[in-house]
Every structure is written in C-alpha cells, then in structure tokens.
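These are the residues of each chain, in order.
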Amino acid sequence: MDRIRIVGGVPLRGTIPIGGAKNAALTLMPAALLTDETLTLSNLPHLADITTMANLLAQHGVEMEMNGHAENGGATGRVLAMRCREITSSTAPYDLVRKMRASVLVLGPLLARHGEARVSLPGGCAIGTRPVDLHLKALEALGATIELSEGYITARVAGRLKGGQIVFPQVTVGGTENALMAAVLADGDTVIANAAQEPEVCDLAHCLNAMGGRIEGIGTSTLRVRGVERLHGAEYSVIPDRIETGTYMVAAAITRGDVELTGVRTDIMTSVTKTLQEAGVEIEETAKGLRVRADGADIRGVDVMTEPYPGFPTDMQAQFMALMATANGASMLTETIFENRFMHVPELLRMGARITVHGASAIVRGMPRLSGAPVMATDLRASVSMVLAGLAAEGETIVNRIYHLDRGYERLEQKLSACGAHIERLRGDR
Ligand SMILES: CC(=O)N[C@H]1[C@@H](OP(=O)(O)OP(=O)(O)OC[C@H]2O[C@@H](n3ccc(=O)[nH]c3=O)[C@H](O)[C@@H]2O)O[C@H](CO)[C@@H](O)[C@@H]1O
Ligand SMILES: C=C(OP(=O)(O)O)C(=O)O
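The structure displayed is predicted, hence computed values, not measured ones.

S.K.: Give me the lowdown on the nonpolar core, citing residues and values where you can.
M.R.: Of all hydrophobic cores here, the largest spans 80 residues; its most connected members are Leu180 and Leu208. Residue contacts for leucine 208: discarding those within four places in its chain leaves Ala31, Leu34, Leu180, Met181, Val184, Gly213, Ile215 and Leu231. Counting 70 residues, the second largest nonpolar core, distinct from the first, contains Ile4, Leu12, Val264 and Val364.

Right, here's the structure in full:
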C-alpha cells in the first residue's frame, strides 16, 4: 500500500491551483440520471471518489465520456459528458455504496425518473453513525413508499412523486440534495425548510435550474421547488473546492509560509478566512485568488465550533487542529456535526501534540514544534491533518493508508512540493 513521506520544517512558498469541489461533483453527477439528454460537467477533479461515482452511474445506464485530463497544474479540471437514455438498473449495490457514502445520492434521482430505487444502506463510517433517515422521510413527504430489508432501501412511487412540505429537523447536506433531485421532477410544488445552505447544495440547485428545473431561494434555508415534467441537458462548471482551499491555507499557515491559491471562490471561504486571520495569519485577495502569509507570524490559539454553512466547516476541523497544535496558547475545538470526528487526535499526540478531548470538545495546547512520526488515519480530513502536521514537524513523518487522501486531494504531493515541501509518495513495495 502506498505511503507518503514528509520531512518537515520547510516554509511553503509558491502557488497552488485549486481544483473543482469533490462534494459538489458527487451531487452534480447523479443529476445526470434526471434527464435523457447530455449533462456535461467541467472543472471536475480527478479523484478516487469521482471514479467510484462514475462506476455507480455507469451501472444505472449512464454513458460517459471524459475529456481534458489535467496535466497543466490541475487548474482546469476535466470535462465529463454524461447521458442516461434510460435507467437500465435501479439498484445501487452494497459493493459500491460501502466504498463511498455519497452513493446514496442516486436515490432521489432514480426514484424521480424511474419510480423505483433500490440502494444499499450506507452504514456508519469512521466519523459517525451517519444515518439516512432524514433522506427517507423527505422522499416519503413526496409520496414515496420506503421499505428497508436485507440491508437495502427500496423506494417506490406509482407514477410521479407529488410536491410536498419537507421540514428537516436538522441540517443535512445529502438529505437536502436528495430532496431537491426528487422534488424537481415531482408533480406540484415543494418547500424544503431548514435546507442546507452549503455552496455544494447551491451548485446542485443552479445546475438543476440550468437543466430546466425551477428552484428558488437558493442559498437560503428555504428552498421552493416548482416541479417540472422533464429536464433537459446542460453544461455546468463545478465550483472550486472550498475544503481543498482551506487545507492549503492551513498548509501555508502551519509552515509559516507564503502561498498564493489560485482558482479560489473567496466568497465561500469567509468563516475559514476569518478564523485564520484571528489566529494571526495574513490573508489578502489577489487577482487570481488568495494570498496566505504566515512568515514571521505569531500564530495564536483560537476557539472554533463546527457548524453548518456559513459556519466553520466540520471538514476543516482536523486541519485546523493541526495548526492549533503549533500555536502560541490554547484553543478549544468543538465538533457539533459528527459524533466521532476526533480520530486524528491520537495520531497528533504521537507527533508530540498536547490535546485532551472532553466529549465534543478538544483542548489543544500549542507548542513550538511537533516531531515527525509514522501515523495513519481512518478518514480523509484526518489523513490530511497528518500531512499538515508532518509539513511543520521536525524530522520524518510517514503517513500510512493514504487511499483516504486520494479520495479528496488531487496531486497532493505535486502541489505541495511545487512550493518547496519535502514530500514524496512511497509506492507499496518500497
Ligand atoms: C459527500 C458530501 O458532500 N459529504 C459532506 C456532507 O456529508 P453528509 O451529507 O453525509 O452530511 P449531513 O449534512 O447529511 O450530516 C450532518 C449530520 O446529520 C446527521 N444525519 C444526516 C442525514 C440523516 O438522514 N440523518 C442524520 O442524522 C449526520 O449523521 C450528521 O451528524 O456534509 C457533511 C457536513 O457538512 C460533510 O462533512 C461531508 O463532507
Ligand atoms: C466526510 C467527507 O466525505 P464523505 O461524506 O464522502 O465521507 C469529506 O469530504 O470530508
């Protein structure tokens, strides 16, 4: 199995191009199931999760053509044309769903277009139990009948779904996305209250509108959907990845470097930018994106609580914790979205960090220098927090189980080494 080797202590200097958002692409791709015309997505990142989603869609009957393999710094991404003339299978099998939870996003579109969907229950994962009960209640509110048996969700509707009222008791990104993709082809109007406002949800809603959908209130907590009988093809560009952006902002900060991130959407970075500024990082907008400077900075401890957008993202909590482990002073990081998202703590402790966890909060006492160590992590953002800690640590860090990183970070070693980092991928046999 591949590993990443880092020799830390080099302040990063240079430019890093930001790719298309994994979590936007993973909800935009299933939208191809909603029409028999071609949906073309550009600025698609080259990631393992995208391949998993492509494999899943192919077995539902989506024909695909991928172009524009990015060898030019990763900034332009790839272009994927998808066409689903007819749904050839309404089953999303366990083998694909267990690889990636976002597979459950085929449920809404399969049901809306085909009247039936059979999708493996995703089960829990390293960061929490992550049930899909709210997805299912939303589809029931649109007239679907749902059965759970043998580890599968079977959702059915006779004829079209019917517009209805969906009130989410808790903000759910995937639940809102499934509800939108179902409601857009329903008969009548749907109101989704307490909808997720994440930029990836907005991206989906804008794309559905480009396909002929009628969604209003995009970016607010109340989405109004006027159902239409059919959607048509469209061309749509995936938004830049705000979590990849935030991760490299932390990379600049933790190495006390000076990095420009290009191809960024600055307006969706507000909470991360503000928090890093409070910690003493200088951030300025440039013509191409953001410049992040921490050379000579005295990074201070800052308390953070994860929240739904526009709050501080849970997908940035592990990376920020690595930074706080090197700060001057203490900080408290509170995780409110997932019940088990501190799996990186024991590994950061192995690198000399001083962290104690009390329930949903971690107290981090910063120290001048972490020390390199062999580490591994059980989820994507925890894994990248090890890379960040390794970039700042004294000596060698080996990050194991990097297939998690390949799910969410395109050309990670190349992007970092272009800024001076000593980082390399050790192939399985070395
Ligand atoms: C592929 C993708 O886009 N993944 C993102 C998405 O995950 P995902 O869409 O799975 O996250 P949700 O917003 O649905 O989950 C938020 C919380 O709601 C709970 N919940 C959710 C659905 C449900 O039916 N019942 C229920 O109890 C979850 O267990 C969790 O505690 O949003 C998360 C929160 O920003 C991010 O961390 C993930 O990176
Ligand atoms: C948690 C994440 O992804 P997923 O929802 O696919 O597990 C993530 O992108 O950080």
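S.K.: How would you explain unusual backbone geometry if you had to name every residue and give the values?
M.R.: Following tyrosine 309, the chain continues into proline 310 via a peptide bond in cis, with omega recorded as 10 degrees. Although it is not a glycine, asparagine 43 sits at a positive phi angle of roughly 60 degrees. Given the relative accessible area of 12%, asparagine 43 is considered buried. We note that arginine 411 has phi near 50 degrees; this positive angle belongs to a residue other than glycine. By the secondary structure assignment, arginine 411 is in the loop between α13 (403-408) and α14 (412-417). For arginine 411, a relative accessible area of 24% translates into the label partly exposed.

S.K.: Kindly report on the UniProt feature "modified residue: 2-(S-cysteinyl)pyruvic acid O-phosphothioketal" (unreviewed entry) in the chain, identifying the contributing residues and their values.
M.R.: Under the local residue numbering, the UniProt record ascribes the feature "modified residue: 2-(S-cysteinyl)pyruvic acid O-phosphothioketal" (unreviewed entry) to Cys125. With respect to the element layout, cysteine 125 can be found in the loop between β7 (116-120) and α5 (133-141). Judged by relative accessible area, cysteine 125 falls into the partly exposed class, the value being 32%. Sequence-distant contacts of cysteine 125, defined by excluding residues within four places in its chain, comprise Arg101 and Arg130.

About the thresholds
- Residues numbered from 1 in each chain as written.
- Chains lettered and ligands numbered in written order.
- Predicted model: local features only at pLDDT ≥ 70, side-chain atom pairs only at ≥ 80, totals over all residues.
- Heavy atoms only, no water.
- Core = buried A, V, L, I, M, F, W, Y, C linked by side-chain atoms within 4.5 Å.
- Buried < 20%, exposed > 50% of the residue type's maximum accessible area, 1.4 Å probe, protein only.
- Contact = heavy atoms within 4.5 Å.
- Helix = DSSP H or I, 4+ residues; strand = E, 2+ residues; numbered from the N terminus.
- UniProt positions renumbered as here; feature names shortened; annotations may be inferred.

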